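In case you want the letters, here they are:
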Amino acid sequence: MLVRSRLDSALTRSARPIGAAGLKGPEVTAFLYRLGRGSAQHPLRVIAIWAFVAVVIVASSAGFGRDMEDSFDVPGVDSQLATELLTSAQSERAGVTARVVIASEANTTLAGSTERAALDDVVQTLTELPNVITIAESLSPDGQIALLSLQYPLLEEIDATDLERLHEAVTQARDQSGLQVEAGGELFFAFEEPASSAAELIGLGAAIIILLVAFGSLIAMGLPIGMALFGLAIGVSAMPLISHLIMIPSWAPQLATMIGLGVGIDYALFLVTRHREFLARGLSVAESAGRAVATSGQAVIFAGGTVVIAILGLGVAGVPFMTAAGVATSVIVLIMVVASITILPALLGLSGHWINRLGIHRKGHTAADVGPGWRRWGDHVTRHAWPYAIVTTVALLAMTAPVFGLELGFPDEGTQPESTTQRRAYDLAAAGFGDGINGPLVIAVDTAGNPSVVAELASAVAADPGVAAVAPPETIGDVATIIAMPVTAPQDDATFATVERLRADVFPGVLADSSASAHVGGQTANFGDVANRVSDRLAMFIAAVIVLSFILLMIVFRSILVPLKAALLNLLSIGAAYGVLVMVFQWGWGAGLIGLEATVPIVSFIPMFMFAVLFGLSMDYEVFLLSRVREEFIRTGDNDESVIAGLASTARVISSAALIMICVFGGFVLSEDPTVKMFGLGLGTAILVDATVVRLVLVPASMKLMGDANWWLPGWLDRLLPRVDIDGERALPQLVQTAASESTKPDAALISV
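Cut-offs applied
Residues numbered from 1 in each chain as written. Predicted model: local features only at pLDDT ≥ 70, side-chain atom pairs only at ≥ 80, totals over all residues. Heavy atoms only, no water. Helix = DSSP H or I, 4+ residues; strand = E, 2+ residues; numbered from the N terminus. Buried < 20%, exposed > 50% of the residue type's maximum accessible area, 1.4 Å probe, protein only. Contact = heavy atoms within 4.5 Å. Areas by Shrake-Rupley, 256 points an atom, 1.4 Å probe, with all protein chains shown as cover. Pairing = 2+ DSSP bridges. Axes fitted to C-alpha atoms, helices over the stretch in contact; angles between N-to-C directions. Patch = residues over 30% accessible without salt bridge, like charges linked within 9 Å, V, L, I, M, F, W, Y side chains within 5 Å. Salt bridge = Lys/Arg side-chain N within 4 Å of Asp/Glu carboxyl O. Lys, Arg positive; Asp, Glu negative; His and termini not counted. Charge placed at Lys NZ, Arg CZ, Asp CG, Glu CD. pLDDT = per-residue confidence, 0-100. Parallel < 35°, antiparallel > 145°, perpendicular 65-115°, else oblique. Left-handed = near helix turned anticlockwise from the far one by under 90°. Phe/Tyr/Trp six-rings, centres within 6.5 Å; stacked < 30°, edge-to-face > 60°. Expected span 1.5 Å × (residues − 1). Arc of directions from axis to C-beta. Polar contact = N/O pair within 3.5 Å; in protein donor to acceptor, adjacent residues only side chain to side chain. Nonpolar A, V, L, I, M, F, W, Y, C, P; charged D, E, K, R; others polar.

### Thoughts on the overall build of the chain
Broken down by element type, the chain carries 24 helices and eleven strands. For the chain, the proportion of its 753 residues judged to be buried stands at 57%. Counted over contacts in the chain with a minimum sequence separation of 6, partners at least 24 positions apart contribute 82%. Put simply, the chain shows about 28900 Å² of open surface, and 62% of that area lies on carbon and sulfur atoms.

Structure below.
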C-alpha cells in the first residue's frame, strides 16, 4: 500500500488548480480544452483557415517548388573525398553518368554494316542531347552488345528534364534502329521517381473497412479518413518548398506518405473514440470535442512529438539524405498532429450528433462497455503469467536471431522489375561485359606533383583479384582518374571487400613513400561507405532512443520498472521485425509472395529509420494502455484487477489502430521498389508484433509478475521529475450534464468491435 499512497499523493499534486506555480500540465490541458471546444463551436472558421493554408502551399509549391533529387553524398567518407578531389580538378568524372546498352538480334553482331550504321545513328542522337559532355563506347567480345557511357555535369547542374530527354532519345532509337536499346545508371537513380502503385489505395481501403467496423457509423468512419487525406495532401505538396531548405530525396514523400497516413488515421481514431465516449455520457458536442482534445489530444501530441524527435534524431548518423528524409517525414507527422487537434474537432462540431448515425452496429453497445471477451483474455493471461511470459519471449528472441546475419547495403538495378529499362540494361551489360560493369570503381589520385605513381598504381589495382579490368588512366593537372571494373556485381559483398582491400592494402603499398593519395569513389563505393557509417552509429542511436523513451515514460507514469519494461519490449518487437526482413530479403524466405525477384541486402538506412518511427508509434500504444492501467490502480490499489481492466478497456481501440497501421504499411509491400517493400514489411511486422504479442500478452503478464513494484519510484526522484498529466481530465472543469439542452440526444450506440 506504500506504492498506492505515493500515487495518491502524486495525483493530488498533479490536480492542483490551473495557474498554480510551476505547473505546466494543467495549463496545457486548459489550452487544448479551449482549442478543441472553440474549433467545434466555429467549425467553418477553422476549415476556412486550413483551406487558405492549403491553397497557399499548393500554389507556392507549383510556382516556386524545387525538384527533388537523390544525392548520397556523405561528408568525410572516402568516396566523398574522391568526388571532391575530382570536382576540384574539374574532371568530367565528378559528374553523373548514364548507360545506354544496345543489343543486336540473336546470331548477329553490331559489326555488320547495317547494325553499325544503326548504332552510329543512336550515338549521334545521344550526342545531341543537352548536357551530355562525352560518350564512351565499348563493344562486348562477341560483338553483340554495345555499352555507351554518357557523362553529365555535376548533379546540381542538371535536373529531371535531362532524364526525360534521355527517355525520349532511347524510345526514338529503339523505334528507328530495330535494335534493343535500354538505359540505366546514376541519372536514373538521381531523378527517376518511384513507379506509382495501388499501395496507398489498398491501405486506405482496408482502413476504411476497419474504421467502419470499429465505429459502426459511416460518418464516424469518414472523419479520420478525411482528416488524414487532407493533412497528407498539404504535407506532400510542401515537399518541393522544403527542398529549398534541404534537398529532399525523391523517395522520401512515399515513405512520409506511408507513415503520415498511418499516424493520421490512428490519432484521429483515438480522438473520435474519446469524443463519442463523452457524447454517450451526455455532454454537448462542443464540450465533448473540447474534452477529447484536452485528454486524448495530449496523448496525440506526446506520441507525435516523440515520433518527430526520434526521426529528427537520425541526424546523428551524419548522412545528409537520411536527415532530409527525416525532415520530410517529420513535417507530415507534425501536420497530422496539428490537424488532429484543430480541424478534427471542427469536423466533429459540424457532424454534431450525426456522428453516430448511418450506423451498422448493434443497438445497446456503448463506448463505456468493456468487451467481456477482452476481460476474459486479460484474466486468462494474468492467471498464466509465467508460461505466457516465457513462451512469447522465447518466440520473439527466435524471430530476432536472424539479425546477427544482417547485411547492410543498397539494391542495385538488378533488383528492379524486368519491366523497367534499367533492369534490362543491367542484365544486357552484365551478359556482355561481366557483372562488374554495372558498378565501376572511380579511383581519384592526388599525384602531388609526382605523375609517375599513376601507372604503378593502375598496375597494382589491375593485379588485385577482385578487379576484372582497368581503363587507361586520365590525368588533369595533379589529379588522375583510374576506372576499375570489379569482378563481382555492385551489391555483392565481395565488391565492397575489394574496395576496402584497395584502400587498406593496395594504395598504401604503392604510395607509402609518396605524398600522393588515392580514394575510391563511384556509386558502389559510396553505397558501401553509407552502410558503414550507419552501422557505426546505429547502436549509439538505438541507445539514445531507448534512454529517451525510458525518461519520458518515467516522467509520465512515475515508475522505474514500467519504462524499463517498455524499453525492453520495444527492443523485442523491433528486433523481431529486423529478423523478418533478414529472412525475407536476404534469405529469400517467401520472397515470391511479395513480388521480390532477387535477394537483396537490407537498405542501409532502413533499420535506423524503422527504429525511429516505431519508437514513437509504440509509445502511443504504451501510453494509451498504461494510462488506463495506472488510473485503475490509483482507484482500486489492486494491481491484478487494474491490469485486467486496463487491457479490457483499451484492447479494442489499440487493436483497431494497429490493424489500420498494418494495412497501410502492408499495402506498400506491393510496391515494385524493393526499398519501399522493406519499409512496408518491416513497419507492418513490428506493429503487428507490438500490438498483439507485446500489448496483449507480454505487458499484462509482466505487470502481473512485477505486482505493486510496477509503480515504485524513489521519493527523491519523484520530487526531481517534472509532472505531466498525460490524460488531462483531472485539470478540466467539473463535468456538467449538458445534453438535455441539445436539440438531439446523443446516440449511445458506439464502438462494436
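### Things to note about the pairing of strand β9 (residues 479-486)
Counting buried residues along β9, seven of its eight residues qualify, which places the element largely inside the surrounding structure. For strand β6 (residues 441-446) and β9, the ladder comprises six bridges, and the chain directions are antiparallel. Pairing of L441 across the sheet is with A484, part of β9. Note: strand β7 (residues 467-470) against β9, three bridges, orientation antiparallel.

### So, the sheet that holds strand β3 (residues 145-151)
Judged by pairing direction, the sheet is antiparallel, and its four strands sit side by side in the order β2-β3-β1-β4 without closing on themselves. The sheet terminates laterally at β2 (134-139) and β4 (180-184), the two strands that pair on one side only. On average, each strand axis in the sheet is tilted by 20° relative to the strand beside it, whichever way the strands run. Looking at chain direction, β2 and β3 are connected through six bridges and run antiparallel.

### Details of a negative patch on the surface
Taken together, D67, D159, E164 and E168 make up a surface patch of like negative charges. Considering the arrangement of structural elements, one finds E164 in helix α6 (residues 160-177). Relative accessible area serves as the criterion here: at 47%, E164 is assigned to the partly exposed category.

### Focus: the confidence of the model for the chain
The predicted model of the chain has a mean per-residue pLDDT of 83, with 90% of residues at 70 or higher. Element-level mean pLDDT values for the chain span from 45 in helix α1 (residues 2-14) up to 94 in helix α15 (residues 385-400). Every residue in residues 1-23 is under pLDDT 50, and counting partners more than four places away or in other chains gives 33 contacts. Scored below 50 in pLDDT, residues 736-753 makes 52 contacts in the model with residues more than four places away or belonging to other chains.

### Observations regarding the packing of helix α10 (residues 252-280) against helix α22 (residues 639-667)
As a packed pair, α10 and α22 sit with axes 9 Å apart at the nearest point and diverge in direction by 160°. With respect to their mutual orientation, α10 and α22 come out roughly antiparallel. The handedness of the crossing between α10 and α22 is right-handed. Contacts from M258, I259, L261, G262, V263, I265, D266, L269, F270 and T273 in α10 reach V653, S656, A657, I660, M661, V664 and F665 in α22.

### Side note on the packing of aromatic side chains
Per the stated rule, a full pass over the model turns up eleven aromatic pairs. Aromatic side chains F541 and F611 sit 6.5 Å apart centroid to centroid with 75° between the ring planes, which places their arrangement in the edge-to-face category. Taken together, the residues F541 in helix α19 (residues 523-557) and F611 in helix α21 (residues 606-636) connect sequence positions 70 residues apart. On the basis of relative accessibility, which here comes to 2%, the residue F611 falls in the buried class. Pairwise contacts between aromatic rings join F189, F321, F410, F527, F605, F609 and F679 into one cluster.

### Looking at the pattern of salt bridges
Following the criterion strictly, the structure yields 24 salt bridges and no others. The salt bridge involving E287 is made with R37; its shortest N-O contact spans 2.4 Å. With a gap of 250 residues between them, E287 in helix α11 (residues 285-312) and R37 in helix α2 (residues 25-41) connect regions that are remote in the sequence. Residue class for R37 comes out partly exposed when judged on its relative accessible area of 25%. Through salt bridges with shared partners, a single ionic network connects K565, E622, D690 and R695.

### A closer look at the environment of S149
On the secondary structure map, S149 appears in strand β3. Residue S149 is classed as partly exposed on the basis of its relative accessible area of 28%. For the pair S149 and A183, spaced 34 residues apart in sequence, the C-alpha to C-alpha distance is 9.9 Å. Contacts of S149, omitting those with residues within four sequence positions, involve A98, T134, I135 and A136.

### Quick notes on helix α14 (residues 372-383)
With twelve residues, α14 should cover 16 Å at 1.5 Å per step; its first-to-last C-alpha distance of 16 Å lies within 8% of that length. G378, V381 and T382 are the residues of α14 that are buried. Buried residues along α14 cover an arc of 95° about the axis, so they all sit on one side. Turned more than 90 degrees from where α14 packs its buried face, P372, R376 and R383 sit exposed. The secondary structure elements touched by the buried residues of α14 are α15, α22 and α23 (674-706).

### Here we look at the side chain of D162
Relative to the helices and strands, D162 resides in helix α6. Reaching out from D162, the side chain makes a polar contact with the side chain of N131 at a distance of 2.9 Å. Those residues in contact with D162 that sit more than four places away from it in its chain are P130, N131, Y152 and L187.

### Some thoughts on the environment of A539
Residue placement: A539 occurs in helix α19. Overall, A539 belongs to the exposed group, its relative accessible area being 57%.

### Some thoughts on the packing of α11 against α19
Where α11 contacts α19, the two axes come as close as 11 Å, and the packing angle between them is 160°. Taken together, the axes of α11 and α19 lie roughly antiparallel to each other. As α11 runs across α19, the sense of the crossing is right-handed. Together, F302, T306, I309 and A310 of α11 and F541, L548, L552 and V556 of α19 make up the contact between the two elements. Across the contact of α11 with α19, the residue classes break down as seven nonpolar, one polar and no charged.

### Examining unusual backbone geometry
The phi dihedral of Q90 falls on the positive side, at around 55°, and the residue is not glycine. Summarising the element assignment, Q90 is placed in the loop between α4 (78-88) and β1 (97-103). Look at Q90 and you get exposed, because its relative accessible area is 72%. Backbone geometry at N131 places phi at a positive 75°, although glycine is not the residue there. Judged by its relative accessible area of 34%, N131 falls in the partly exposed class.

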